[in-house]
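Read off the chains here:
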Amino acid sequence: MKAKLSSSLGRMLLAIPVCCGVWFALWSVSAALLHSLTLAVLFLPCGLRFSLLLFAPRFCAPAIIAAEWLVLGLLLSALELPAELFLLAPLSFAVLLLQRWPVRDEWQVLLKQGSAVLLTALSSALLWLWLGSNAWQAFLASLAGCLLLGPALFILWEALTRIRWLPIGPGQRRKSFNLRLRFVLSYLLLFTLSFSVQAALPADFAFFSPLCLAVPVVLLAYLHGWRGAVLASFCNSLALAIFSHSVLDDLLLALIAQNLLGVVLGVAIQGARLRAAALTRLNERLSRQLARNHALARQLVNAEEAVRRDVARELHDEIGQNITAIRIQATLSGRMTQDAALKASLGVIESLSLNVYDCARGLLLRLRPRALDDLSLQEAVRQLAGELQFAAREIEFNLSWPLDEQLFDEALKLTLFRVLQEALNNVTRHACASQVCVKLWQENNWLYLSVSDNGAGTAPIQVGMGLRGMRERVEALGGRLSLSHRSGVCLRVSLPLV
């Protein structure tokens, strides 16, 4: 405990001369820029005090105040400055109270820091009002100093010590900022060009000079978030203070606007980029999950077709053979008996077994057409058209199939056949068409299928089980299905090629 106290006391004593030197240097620069020895205390020195009190460890606060009082005492002894300036430092202690304000996210941190800036500026204005001076200028000078030095000193300290303190903007802990030499040279060149253009603009075009200063702010905000925008605003503010010939209030307002623009624009751009990166990562995860779902859907399609194939085989080998045996036994028994009633019963048995055989054959065709096992998909579609008797129904059937079926996996082949089976069945049942056209083509990694007819497809299409089943099959493989009913019905299917 004693060692810790000794270490803290040693650092405090070491910080006092450093703070005195920096405070006096900033006061000298402020006096040269504002042309007022008293108001200069509120400009850059006020920003220094605010930044150190807000960001430095609390045990450094007495050293910061003592350093300011020491320099002020020397100045008061040499110059005719009001003695009430000693009250500025105690008034700034209110900033320390804000450090106890609990925050839950980074936006509340920004709000806390903004409140600290306003509190410091208002306390300075109240002191100036008590002195009978221009409180408005005191408020502007203090506000401009805090906004100018606060974020810039925070970034400088972070770059020199690599210590991450309280965040100023969104994503602070996720993005580092390195002062590399090539970056520094590039930005110096950029600011030199910006200042040169601003200085070379004629007086009639002075309205466009802020645009020249906004270019580095926007560029660095895009590249480095709020840190880049703050540094750009800091450099712009120095240029405005050095080259400006405006009155004092206008200059202070321009500095405040410049630094507020940098902080707000930088935070907004960095937040937007972080949200965009988060959305990109989310989209990538969703894409991977969607690909897994499509792979699972293909496996389900293959499993379903395997079950259909097994059931069809059992129907054909067991039920079909047994029904055929029943029919033969009933026929032979009818030939061997003379009993009319028994013959009639055997005839009924033969008729019922024939009906069961027809039903079983229909189920076999629906479960697993043998054409899928024995023929190519194109030949299976032509055979399907023959089974639907398009020629007998005076329906012209056109098939355009220029693709190599080696590109199709089993799930895609089964989906195409089932969709065509349902679509061509719908044509024979509902279309009243004289022409039906089936086209299959490929574009990049997508396969397209269209089934169109010239039937009575002008009425709104009713979504039934067949259409719902087709859509579910297509969407399970990551495809899309659409219907239009202009001059007949046109069904379009797009499926991705794996």
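This text goes with the structure placed above it.
Residues numbered from 1 in each chain as written. Predicted model: local features only at pLDDT ≥ 70, side-chain atom pairs only at ≥ 80, totals over all residues. Heavy atoms only, no water.

K.L.:
Is there a simple way to think about the pairing of strand β2 (residues 435-443) in this case?
P.N.:
Consecutive side chains along a regular strand alternate between the two faces of the sheet. For strand β1 (residues 396-400) and β2, the ladder comprises five bridges, and the chain directions are parallel. Paired with Asn 398 across the strands is Cys 437, a residue of β2. Regarding topology, helix α14 (residues 410-431) serves as the crossover connection from β1 to the parallel β2, and that connection is left-handed. The pairing of β2 with strand β3 (residues 446-453) spans eight bridges and is antiparallel. Counted as the bridge partner of Lys 439 is Ser 450 from β3. Adjacent in sequence and paired antiparallel, β2 and β3 are bridged by two residues, among which Asn 444 carries a positive phi angle near 55°. (Pairing = 2+ DSSP bridges. Helix = DSSP H or I, 4+ residues; strand = E, 2+ residues; numbered from the N terminus. Right-handed = clockwise from strand over helix to strand, strands pointing away.)

K.L.:
What should I look at first to understand unusual backbone geometry in this one?
P.N.:
Excluding glycine, residues mostly carry a negative phi; peptide bonds, for their part, are mostly trans. Positive phi, normally seen in glycine, also occurs at His 35, with a value near 60°. Looking at where His 35 falls in the secondary structure, it is placed in the loop between α1 (2-34) and α2 (44-55). Taking the relative accessible area as the measure of exposure, His 35 reaches 72% and is therefore exposed. If you check the backbone angles, Gln 389 has positive phi at about 60° while not being a glycine. As for its placement among the helices and strands, Gln 389 is situated in the loop between α13 (377-387) and β1. (Buried < 20%, exposed > 50% of the residue type's maximum accessible area, 1.4 Å probe, protein only.)

K.L.:
Before we go on, may I ask you to explain the packing of helix α10 (residues 248-336) against helix α11 (residues 340-367) in this structure?
P.N.:
Describing two packed helices takes the angle between their axes plus the distance from one axis to the other. One can describe the packing of α10 onto α11 by two numbers: an axis separation of 9 Å at closest approach and a directional angle of 165°. With respect to each other, α10 and α11 are oriented roughly antiparallel. With respect to the hand of their crossing, α10 and α11 are arranged in left-handed fashion. Taken together, the residues of the contact of α10 with α11 break down into 14 nonpolar, six polar and six charged. (Axes fitted to C-alpha atoms, helices over the stretch in contact; angles between N-to-C directions. Parallel < 35°, antiparallel > 145°, perpendicular 65-115°, else oblique. Left-handed = near helix turned anticlockwise from the far one by under 90°. Nonpolar A, V, L, I, M, F, W, Y, C, P; charged D, E, K, R; others polar.)

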